[in-house]
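# Structure at a glance
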Amino acid sequence: MMHTRYFDLRDTKGQQKIIEDQISAAADILRQGGLVGIPTETVYGLGANALDAEAVNKIFEAKGRPQDNPLIIHVPDASWLERYCHDVPPQAYLLAERFWPGPLTMILPCRDIVPAQTTAGLPTVGVRCPNHPATLRIIAAA
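Description of the structure in this document. (Residues numbered from 1 in each chain as written. Predicted model: local features only at pLDDT ≥ 70, side-chain atom pairs only at ≥ 80, totals over all residues. Heavy atoms only, no water.)

Counting residues in hydrophobic clusters, the biggest one holds 20 residues, and the most contacted among them are V75, L81 and W100. For this core, the secondary-structure elements that each account for two or more residues are helix 3 (81–84), helix 4 (90–99), strand 4 (105–109) and strand 5 (124–128). Ignoring sequence-local partners within four residues, the contact set of W100 consists of V75, D77, A78, L81, L95, M106, V127, R128 and C129. In this structure, I23, A26, L30 and V36 belong to the second largest nonpolar core, which totals seven residues. (Core = buried A, V, L, I, M, F, W, Y, C linked by side-chain atoms within 4.5 Å. Buried < 20%, exposed > 50% of the residue type's maximum accessible area, 1.4 Å probe, protein only. Helix = DSSP H or I, 4+ residues; strand = E, 2+ residues; numbered from the N terminus. Contact = heavy atoms within 4.5 Å.)

Structure follows, in structure tokens:
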């Protein structure tokens with residue numbers, strides 16, 4: 001049975017204990033294979049643990065998204081690239097330094113830990129660092 005919870009994280013300078021509790025709760029949902037609606041600098045997205053094939057399948061199901069349309073992995077900073085990608089060129093770090101956080105998605109060769117569901121079976125994965133403080137904190141905590 002699915003439960004919906006709402007966390008208002010628009011005021012990231014508000015009551016810090018409440019914000020920390022909400023970020024922790026959202027991260028727990030992701031770790032447990034659930035879905036979380038999260039803001040980026042351009043849109044709200046539906047997030048899941050990109051390394052959990054079942055959680056990724058929930059995104060496709062919830063959105064009615066074609067399974068041949070790969071998802072993007074969101075990271076809190078460039079130091080996470082090596083977790084999900086191999087053969088990361090030096091230029092990727094230069095781009096990240098200049099444009100992250102922000103609306104730049106880099107397509108890089110993915111590691112074996114990234115399930116085929118996330119990449120739509122491709123040998124590459126899109127990686128992005130969103131420019132929203134609450135989202136970055138949720139990603140890092142998850």
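What follows picks up the thread again.
Let's shift gears to the pairing of strand 5. When you tally the buried positions in strand 5, you get four out of five residues, the bulk of the element. Judged from the three bridges that link them, strand 3 (residues 72–74) and strand 5 form a sheet pairing that is parallel. From the neighbouring strand, I73 faces strand 5, where its bridge partner is V127. Where strand 4 lies against strand 5, five bridges are found, and the strand directions are antiparallel. Bridge assignment links M106 to a residue of strand 5, and that residue is V127. (Pairing = 2+ DSSP bridges.)

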